[in-house]
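Architecture at a glance
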There are 2 protein chains.
Amino acid sequence: MNSSPKNLFDSSDSNRNADELKYAQKATFNEVFHLEQGAQLAEMSIVYETYGTLNRNKNNAVLICHALTGDSHVARHDENDVAGWWDIMVGPGKSIDTDRFFVICPNVLGGCRGTTGPNSINPETGQPYGADFPTITIRDMVAAQKKLIDHLGIKKLLAVVGGSMGGNMTLQWGVDYPDHLQGAVAMATSAHVTSQALAFDVVGRNAIVRDPDFHQGQYYDEEKKPLAGLAIARMLGHITYLSLQAMMEKFDADRHQARDIISDFETKFSVGSYLAYQADRFGQRFDANSYLTLTMAIDLFELGKTPEQLTASMEKSKCRWLLVSYSSDWLFPPFQSKELVNALVAKEKPVSYCNIQSNCGHDAFLLSHELPTYGGMIQGFLANLESTEDETSTSNVEAEPVFDPTNIFHNHHRIDYDSLVELIPDGASVLDLGCDTGGLLERLRLRGHSKIMGVEWDEQAVLASIRRGFDVVQYDLNQGLASFNDRQFDCVVLSQTLQTVMDVERVLLEMLRVGKRGIVSFPNFGYHEYRRELAEQGRAPRIDAADGFHWYNTPNVRFLSISDFVSFCDEKEIQIHDRIWLDTRKGRRVEESPNRDANLAILTLSK
Amino acid sequence: MNSSPKNLFDSSDSNRNADELKYAQKATFNEVFHLEQGAQLAEMSIVYETYGTLNRNKNNAVLICHALTGDSHVARHDENDVAGWWDIMVGPGKSIDTDRFFVICPNVLGGCRGTTGPNSINPETGQPYGADFPTITIRDMVAAQKKLIDHLGIKKLLAVVGGSMGGNMTLQWGVDYPDHLQGAVAMATSAHVTSQALAFDVVGRNAIVRDPDFHQGQYYDEEKKPLAGLAIARMLGHITYLSLQAMMEKFDADRHQARDIISDFETKFSVGSYLAYQADRFGQRFDANSYLTLTMAIDLFELGKTPEQLTASMEKSKCRWLLVSYSSDWLFPPFQSKELVNALVAKEKPVSYCNIQSNCGHDAFLLSHELPTYGGMIQGFLANLESTEDETSTSNVEAEPVFDPTNIFHNHHRIDYDSLVELIPDGASVLDLGCDTGGLLERLRLRGHSKIMGVEWDEQAVLASIRRGFDVVQYDLNQGLASFNDRQFDCVVLSQTLQTVMDVERVLLEMLRVGKRGIVSFPNFGYHEYRRELAEQGRAPRIDAADGFHWYNTPNVRFLSISDFVSFCDEKEIQIHDRIWLDTRKGRRVEESPNRDANLAILTLSK
């Protein structure tokens, strides 16, 4: 093995621009590199870039895995440097802060940017591999990166971060090298491509191999390269990276006119000329054989065909996870991220998940529009990994946010928390359903509970609670808690949320399946003031009048008294254990006639 | 002009199979045919098939417009005939009943099935047109069909029916020949393709023209045809016709294995081999130049870039409309059908619309899975056109359906209708919001109201009310009534629906914008029995207990008394005119103390 600090590239790097290579380094591994599907490479080199400084304990390294057409140049190294593909995220003071972290971004195995790939010289023939380059897998790419990390003397990465194909690699890291990463951030990715995405790749590859200039992949010495086929594949790929909405915004207004950009390839329609122009540019920097190699690796990636197989795959993982999807991503649709989350939850791994509402499609993770949402969340996630890893660093716990868009009691002291917490045994594991921004989780953390988790549906609340360092997954309670195991938590809490869900029965039964004990709090519609409002004034009680809500705009959709709830439990064979009755208007506990004198009920339940 | 009854095709019909042509006829028009974009054809022929018998009044003709890759063989002509592409819909006793209707299905201008197209002989050169075939538009296709209809001696079609590109043609018929059709059924279509769909077409066309065997379109005399390019275009198109869900169901289980079907084109992955096999078959029956010509016509189709332009386009239409979309169609997404509906509503044209929940994607309109939904609806729509057209035929009004999944009062006599109808002046135009299966509309029809329309969200209720012959559009009331004009109706009714909508304020204000008068009915939460339930028993009132609902599963999400509603009107400056108070439990009107003694309120309002 030898390693050269700068600029020692062989002739196959012709695609690379000298400027871009200024900061790149190369590590060459001279031993045989065995591939998952049985073939081998006689030697293997990785070209990579780094940012920031590796600390003395070598525990501040963040590995970034690029996507299909990305490269090692994730960000500018200085003001004069050319732009990187993720400058919005990576740099001094940014979400992935190079003042704090040692960031490593390698070019991927099989690509065309210096790391061994089809355009590298095959040492056995002295010619570029071309079509002889073997089939590689995501696992092979990650194994190559692991060699680099070893070479850099890093025993455990603080985190691996990647989106799309980079997300596949991140997942593979978590599964293959569980002891070598503290955290994993996988964005806009999945356990396998959809059959639809796979079909697009099949079409793109056929466009390349049927280009008359493809010459069975041995075109490096030919005057003409298979650029038409590559352009068609790229145009098709490009469509799948954008959402319908984004394309409408970009192209609808002048759809029947070509854009004033130079491309002989396609000159009709705004979207046609734009895609062709981008495809032309792509052809200048990308190699068709790498396109074939990398899309095949993506298409072969399979962490588990069924939910059961996927869950089994996740068994080995030991890191803390953050999964991020984007609502308008139809190439790696959000339900695929949720399948991963479900598998991790089922294996009781620490995991957070947010599906960010975005119009930007699959590319959202690369775009600055969405940075205010996911940037802060990832920053918080990394900061909390750091504090776990290195107890000497300062705590990264954020203060309780002032604004809370979902909780109808948000401006008040949560008197119910005082009582709720009393009902939770010391050290119990707790799942908080409708955890909001993490107020109750915060109290439990301060009380020393270690296994705590939240479920929340409101995006802003999910983002805020993840920033604060909690494991929170974005699930719709009305759809149940399928991935959680029976009796997975000592306590499952549903505080002030029951009255806002449509499918009350499902939520309660799920809660009592997943928790050994359920703790539920809800406003009591039978409270004497409410009775009086209806009986004497003939007005529907305004339970959340203090928050400015009326009958016509309250988030509450279910109205129940304590007696109603007790009857329900009786009917559904739910046992009630502890009962706490509160009159929050008077700030006191109620002992007698709760259905008349309490406006809030807190009960522990089991089934 | 000459017309030949059977089988007089020129040599360009080589793609046609003799069996398929057995029932086809040909009409040749020897005069110059002028095209929308300025070019002309020296002559023009149409090959078509017919089913059933044209009646004496020539008013039972239904024209079916096929989609991009369809043809005139819409259905079998007899038991020994080969299958048609819409056998599920067209035939004796079927939804488009050939015992009743004279069905005409022409091959499209620009296609490759006998009607003039790029593979026809250009009379000026004696050679096939090839790339010299001029750019044609959807308008040209429809103009050619109009010539055929004239030739058949039909002054007015009972209906034009088509999906996808056939839907584009149906829309164009409605706009270009308003006096020549009674009804139009446009399925899975739009006023223009999305920029995404357009981009896919651009990619597909490039795959064809860059095939080395394309020879600038003059390949008819060459040994090899541009089949690789056509296959790539077809595979890509095929993906867009299927939903993600349908592809998962079809291909996920054996995704990494090729199917046992013969295609050299692509041999990897179940989806790859399947698409390649279908594309091979397609290449045997379709001409690449026609693919270019027809997709370009689709891409150029533009009924209106903006909602305003689209609305203006619809001004001329005089027919009755039925628009159908499918929830998982991402090539012609449902919102595009809704844009058409909005434009028709804005021009106060008679229109019905249903977005059918389906997993089948764009192709849903061709598949038998979905027939039980759309088949009956189209049958009902045609039957009602027929009865309007020919007063001697029997009425096609369906009886009130017994089952009603949405209305909480479905098993009861709608006592409120008696009172509601009293508040509607004779002959007034009426819009019924939440019209359910059309119960109130039926009463109004019997009373002789001619301009009546419904809005409903539940699919089954929409289907049922359209079958009964009402104009009903599927809108979500919570999203407003944007396309309706201010004061478009004398009365807008919201009966027993207010308590089920989240955005009460929006719905009421929209109702009072669109109607000169609003008529609203709702259950009164202040009713003495409900007060007693809360005050004395401490139980939340069970307003819909008779229907078996409880606090935890009622469809009601809003609870209000008459006093609450009156205060609301006061606050929002809504005037209350007539007031009817009912005690439905006692089956009588209430005159005094309505907020205590009535359980149902009916009010007329204005703003």
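Rules used throughout
Residues numbered from 1 in each chain as written. Chains lettered and ligands numbered in written order. Predicted model: local features only at pLDDT ≥ 70, side-chain atom pairs only at ≥ 80, totals over all residues. Heavy atoms only, no water. Least-squares fit on C-alpha atoms with pLDDT ≥ 70 in both. Contact = heavy atoms within 4.5 Å. Helix = DSSP H or I, 4+ residues; strand = E, 2+ residues; numbered from the N terminus. Buried < 20%, exposed > 50% of the residue type's maximum accessible area, 1.4 Å probe, protein only. Lys, Arg positive; Asp, Glu negative; His and termini not counted. Salt bridge = Lys/Arg side-chain N within 4 Å of Asp/Glu carboxyl O. Polar contact = N/O pair within 3.5 Å; in protein donor to acceptor, adjacent residues only side chain to side chain. Arc of directions from axis to C-beta. Phe/Tyr/Trp six-rings, centres within 6.5 Å; stacked < 30°, edge-to-face > 60°. Lys NZ or Arg CZ within 6 Å of the ring centre and 35° of its normal. Buried area = accessible area lost by both parts, 1.4 Å probe. pLDDT = per-residue confidence, 0-100. Axes fitted to C-alpha atoms, helices over the stretch in contact; angles between N-to-C directions. Parallel < 35°, antiparallel > 145°, perpendicular 65-115°, else oblique. Left-handed = near helix turned anticlockwise from the far one by under 90°. Nonpolar A, V, L, I, M, F, W, Y, C, P; charged D, E, K, R; others polar.

Brief notes about the relation of the copies chain B and chain A
The two copies are related by a screw motion: chain B maps onto chain A through a turn of 180° and a shift of 0.0 Å along the axis, at an RMSD of 0.0 Å. As the rotation angle and translation indicate, the two copies are arranged about a two-fold axis. Taking the C-alpha atom as reference, chain B places Val557 of chain B closest to the rotation axis, 2.3 Å from it. Of the residues that chain B buries at the interface, 100% are likewise interface residues in chain A, meaning the two copies contact each other through the same surface.

With respect to the side chain of Lys349 of chain B
Residues and elements named next belong to chain B. Tracing the backbone shows Lys349 in the loop between helix H10 (334–346) and strand S15 (351–356). Lacking a salt bridge, the buried Lys349 has Glu315 as its closest oppositely charged neighbour, with an N-O distance of 4.7 Å. At 2.9 Å, the side chain of Lys349 and the backbone oxygen of Ser317 are in polar contact. Contact partners of Lys349, with chain neighbours within four places excluded, come to Met314, Glu315, Ser317 and Leu344.

What to know about helix H9 (residues 307–314) of chain A
The α-helix winds at 3.6 residues per turn, so residues separated by three or four positions along the chain end up facing the same way. Residue and element names in this part refer to chain A. Every buried residue of H9 is listed here: Leu310, Thr311, Ser313 and Met314. Angular distribution of buried residues about the axis of H9 spans 155°; they occupy a single face of the element. Tucked into the core, H9 has its buried residues touching helix H3 (165–176) and helix H10 (334–346).

With respect to helix H17 (residues 562–571) of chain B
Residues and elements named next belong to chain B. Among the residues of H17, Ile562, Asp564, Phe565, Phe568 and Cys569 are the ones counted as buried. Taken end-on, H17 shows its buried residues confined to a sector of 160°, consistent with a single buried face. Where the residues of H17 are buried, they touch helix H15 (504–514), strand S20 (515–523), strand S21 (575–583), helix H18 (594–597) and strand S23 (600–606). Just past H17, the residue Glu573 takes up positive phi, approximately 55°.

Some remarks on the pattern of salt bridges
For the structure shown, the criterion picks out 50 salt bridges over all chains. Asp213 of chain B serves as the salt-bridge partner of Lys224 of chain B, at 3.7 Å between the closest nitrogen and oxygen. Note that Lys224 of chain B is positioned in the loop between helix H4 (195–209) and helix H5 (227–241) and Asp213 of chain B in the loop between H4 and H5, a separation of eleven residues in sequence. Exposure remark for Lys224 of chain B: the relative accessible area of 55% places this residue in the exposed category. The buried category is assigned to Asp213 of chain B, whose relative accessible area is 17%. Residue Glu422 of chain B is joined to Arg589 of chain B by a salt bridge in which the shortest nitrogen-to-oxygen separation is 2.8 Å. Here Arg589 of chain B lies in strand S22 (residues 588–590) and Glu422 of chain B lies in helix H12 (residues 415–422), a separation of 167 residues in the sequence. Using a relative accessible area of 35% as the deciding quantity, one classes Arg589 of chain B as partly exposed. Look at the salt bridges and you will find they share partners, linking Glu36, Arg139 and Asp176 of chain A into a network.

Description of the packing of aromatic side chains
Counted by the stated rule, this structure contains 46 aromatic pairs over all chains. Each ring, one from Trp551 of chain A and one from Tyr552 of chain A, has its centre 5.4 Å from the other, and the planes form 80°; the classification is edge-to-face. Residue classification places Trp551 of chain A among the buried residues on the basis of a relative accessible area of 11%. We classify Tyr552 of chain A as buried; its relative accessible area is 6%. Here the aromatic cluster, defined as three or more aromatic residues joined through ring pairs, consists of Phe522, Phe565 and Phe568 of chain A together with Trp551 and Tyr552 of chain B. The ring centre of Phe282 of chain A lies 4.3 Å from the NZ or CZ of Arg234 of chain A, which sits over that ring.

As for the interface of chain B and chain A
Taken together, the 78 residues of chain B in the interface contact 78 residues of chain A. Interface of chain B and chain A: buried area, both sides summed, is about 6700 Å²; carbon and sulfur atoms make up 65% of it. By the criterion of area lost to chain A, the three top residues of chain B are Arg255, Trp551 and Tyr552 of chain B, representing 13% of everything that side buries. At the junction of chain B with chain A, the criterion picks out two salt bridges. Among the ionic pairs, Asp564 of chain B bridges to Arg539 of chain A, the shortest N-O distance being 2.6 Å. The interface formed by chain B and chain A holds 29 residue pairs in polar contact (both at pLDDT 80 or more) in total. For the side of chain B that touches chain A, the element with the most residues is H4 of chain B, which contributes ten residues.

Observations concerning the confidence of the model for chain A
Residue and element names in this part refer to chain A. Per-residue confidence for chain A averages 91 on the pLDDT scale, and 92% of its residues sit at or above 70. Here residues 1–16 is modelled with pLDDT under 50, and outside its nearest four sequence neighbours on either side it reaches 46 contacts, counting other chains as well. A low-confidence stretch, residues 391–412 stays under pLDDT 50, and its non-local contacts, those more than four residues away or across chains, total 40 contacts. ipTM for the predicted complex: 0.92, alongside a pTM of 0.92.

With respect to the packing of helix H2 (residues 138–151) of chain A against H3 of chain A
Residues and elements named next belong to chain A. At a closest axis distance of 9 Å, the pairing of H2 and H3 adopts a crossing angle of 70°. The pairing of H2 with H3 is recorded here as roughly perpendicular in orientation. The element H2 and its partner H3 pack so that their crossing is right-handed. Only Met165, Asn168, Met169, Gln172, Trp173 and Asp176 of H3 make contact with H2, whose side of the interface consists of Ile138, Arg139, Met141, Val142, Gln145, Lys146 and Ile149. Counted by class, the contact of H2 with H3 contains seven nonpolar, three polar and three charged residues.

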